[in-house]
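What follows is the residue order along each chain.
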Amino acid sequence: MNAVTPLAGRTAVVTGGTRGIGRAIAERLRDDGAEVWVTGTNRDGTEPDGARYFAIDFTINEAVERFASELSNLAPDVLVNNAGINRNAPFADIDFADFDAIHRVNLRTPLALMQAVLPTMRKNGWGRVINIGSIWSKLARPGRASYAASKFGLNGVTTAAASEAAADGVMINMVSPGIIDTELTRRTLNAERLKAILADVPTGRLGQPEEVAALVAWLAGPENTFVSGQNIAIDGGFTRV
Ligand code: NDP
């Protein structure tokens, strides 16, 4: 194993790799030696240097099916299902169009993409899938029903798929970030709510996308030979107090 580029010779796909956590993951996997493909929604491509780009909107089922078929031809060694959306609303005001869009991007697409890549990974006897969850896959709070439902669901998909694939050398796990310093966070939490949430985080600060990327890189790498089906929180201790 090469300690500097542990993913040399591997191909990795990171969905939502243009910004935030996904971009940090794509850059880290690239720096670890993988050939990296990322997805985003813009036609012109805003991918990290050295990465290849697919433009795709995961709210459109037919587009996801086309992409899944391309992915099964590409046959990546590593799949990181990172793209995610969130629209908070009080329970009584949940809009079903929003609920469906959240579930298409956060739950249906990861499942479809896993279906596309797992047969080859299992045949090859090696593969890694990391699904990006959230602390809201373990807890829920007012306004978060749709998002939490999608991430709790992704946890179930992760665990079930892992139990089928682990014996073939395919490790499937979920990484559940706490409050990370990204555009999504800045958009969904105002300064006052952010301060209130940080009061409950033992480390007392936002996490950085690079910290999440380091955990994902370890799970994706050759050192992970026995972690399977887990939902690992990276949250500064938030879910433990
Ligand atoms: P960002 O909003 O910063 O980035 C989202 C990424 O997903 C972008 O690359 C975006 O592409 C892509 N994307 C957005 N909508 C769609 C869509 N309809 N179809 C396909 N791709 C889409 O997100 P974060 O980095 O903050 O979050 C990444 C993941 O981490 C998500 O799964 C989120 O739920 C999870 N998470 C985030 C936390 C945080 O604190 N930020 C905390 C816990 C979990 P484009 O740039 O083209 O729009």
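Bear in mind that the values here come from a model prediction, so they are computed numbers and not experimental data.

Colleague: Just checking my understanding: could you explain the overall build of the chain for this structure?
Modeller: If you tally the helices and strands in the chain, you get 7 helices and 7 strands. When the helices and strands of the chain are placed in sequence order, the string is β-α-β-β-α-β-α-β-α-β-α-α-α-β. Taking 2.2 N^0.38 as the reference for a compact globule, 241 residues should give roughly 18 Å; the C-alpha atoms of the chain span a radius of gyration of 17 Å, in line with that estimate. The dimensions of the chain, computed from C-alpha atoms along their principal axes, are 45 × 40 × 35 Å. Here the chain, with 241 residues, has 48% of them falling under the buried criterion. Intrachain contacts of the chain at a sequence separation of at least 6 include 68% that bridge at least 24 residues. In the structure as shown, the chain presents an accessible area of about 11,200 Å², 51% of it carried by carbon and sulfur atoms. Positive and negative side-chain charges in the chain, numbering 24 and 26 respectively, have mean positions lying 3 Å apart.

Colleague: Is there a simple way to think about the site of the ligand in this case?
Modeller: Near the ligand, the surroundings consist of 31 residues, among which Thr18, Thr41, Asn82, Tyr147 and Thr182 are the closest. A distance of 2.8 Å is found between an oxygen atom of the ligand and a side-chain nitrogen or oxygen belonging to Arg19. Contact between the ligand and Thr182: a nitrogen atom at 2.7 Å from a side-chain N or O atom of the residue. Coverage of the ligand by the protein amounts to 93% of the 910 Å² it exposes when considered alone. Listed by contribution, the elements that provide at least two residues to the shell around the ligand are α1 (20-31), α4 (145-165) and α5 (183-188). Among the elements that make up the shell around the ligand, the one with the highest residue count is α5 (3 residues). Looking at the shell around the ligand residue by residue, the class counts come to 12 nonpolar, 15 polar and 4 charged.

Colleague: When you look at the packing of aromatic side chains in this model, what are you seeing that I'm missing?
Modeller: Note on aromatic pairs: each is described by the distance of the centres and the angle between the planes. Going through the model one piece at a time under the given rule, you end up with 5 aromatic pairs. Ring plane angle 75° and centroid distance 6.1 Å describe the contact between Trp136 and Phe238, whose orientation is recorded as edge-to-face. Of the two residues, Trp136 is situated in the loop between β5 (127-132) and α4 and Phe238 in the segment after β7 (231-234); the sequence distance between them amounts to 102 residues. What makes Trp136 buried here is its relative accessible area of 4%. Assessed through its relative accessible area of 4%, Phe238 is described here as buried. Taken together, the aromatic side chains of Trp37, Phe54, Phe58 and Phe67 make up a single cluster linked through ring pairs. In this structure, Arg10 packs its charged tip against the face of Trp126, placed 3.7 Å from the ring centre.

Colleague: Where do I start with the pairing of strand β1 (residues 11-14) in this structure?
Modeller: Regular strands show a simple pattern: their side chains alternate between the two faces of the sheet. Burial along β1 is two-sided: Thr11 and Val13 facing one way and Ala12 and Val14 facing the other are all buried. The pairing of β1 with strand β2 (residues 35-40) spans 4 bridges and is classified as parallel. Residue pairing across strands places Val13 opposite Trp37, the latter belonging to β2. When β1 meets strand β4 (residues 78-81), the two strands line up parallel, connected through 3 bridges. Its bridge partner being in β4, Ala12 is matched across the sheet by Val78.

Colleague: Mind showing me how you'd approach the pairing of β2 here?
Modeller: Among the 6 residues of β2, 5 are classified as buried, and the element is accordingly described as predominantly covered. Between β1 and its parallel partner β2, the chain crosses via α1, and the hand of that crossover is right-handed. As paired elements, β2 and strand β3 (residues 52-55) share 4 bridges and run parallel to each other. Paired with Trp37 across the two strands is Arg52, which belongs to β3.

Colleague: In this structure, what is going on with the nonpolar core? I would like to understand it.
Modeller: Grouped burial of nonpolar side chains is what soluble globular proteins tend to show. Of all hydrophobic cores here, the largest spans 30 residues; its most connected members are Phe58, Phe67, Leu71, Leu79, Met114, Leu118 and Ile172. Residue assignment for this core shows that the elements contributing at least two residues are α2 (61-74), α3 (96-124), α4 and β6 (170-177). For Phe67, the residues in contact, after removing those within four places along its chain, are Val13, Thr39, Phe54, Ile56, Phe58 and Leu113. Counting 27 residues, the second largest nonpolar core, distinct from the first, contains Ala12, Ala34, Val78 and Ala220.

Colleague: Can you help me understand helix α7 (residues 209-220) in this one?
Modeller: Since the α-helix advances by 3.6 residues per turn, residues separated by three or four positions end up pointing in the same direction. Counted at 1.5 Å a residue, the expected span for α7 with its 12 residues is 16 Å, and the 16 Å between its end C-alpha atoms agrees. Listed in full, the buried residues belonging to α7 are Pro209, Val212, Ala213, Leu215, Val216, Ala217, Leu219 and Ala220. Packed against the buried residues of α7 are α1, β4, β5, β6 and β7.

Definitions and limits used
Residues numbered from 1 in each chain as written. Predicted model: local features only at pLDDT ≥ 70, side-chain atom pairs only at ≥ 80, totals over all residues. Heavy atoms only, no water. Helix = DSSP H or I, 4+ residues; strand = E, 2+ residues; numbered from the N terminus. Rg over C-alpha atoms; globule rule 2.2 N^0.38 Å. Buried < 20%, exposed > 50% of the residue type's maximum accessible area, 1.4 Å probe, protein only. Contact = heavy atoms within 4.5 Å. Areas by Shrake-Rupley, 256 points an atom, 1.4 Å probe, with all protein chains shown as cover. Lys, Arg positive; Asp, Glu negative; His and termini not counted. Charge placed at Lys NZ, Arg CZ, Asp CG, Glu CD. Near = heavy atom within 4 Å. Polar contact = N/O pair within 3.5 Å; in protein donor to acceptor, adjacent residues only side chain to side chain. Nonpolar A, V, L, I, M, F, W, Y, C, P; charged D, E, K, R; others polar. Phe/Tyr/Trp six-rings, centres within 6.5 Å; stacked < 30°, edge-to-face > 60°. Lys NZ or Arg CZ within 6 Å of the ring centre and 35° of its normal. Pairing = 2+ DSSP bridges. Right-handed = clockwise from strand over helix to strand, strands pointing away. Core = buried A, V, L, I, M, F, W, Y, C linked by side-chain atoms within 4.5 Å. Expected span 1.5 Å × (residues − 1).

Function cannot be read off these values alone, since they describe shape.
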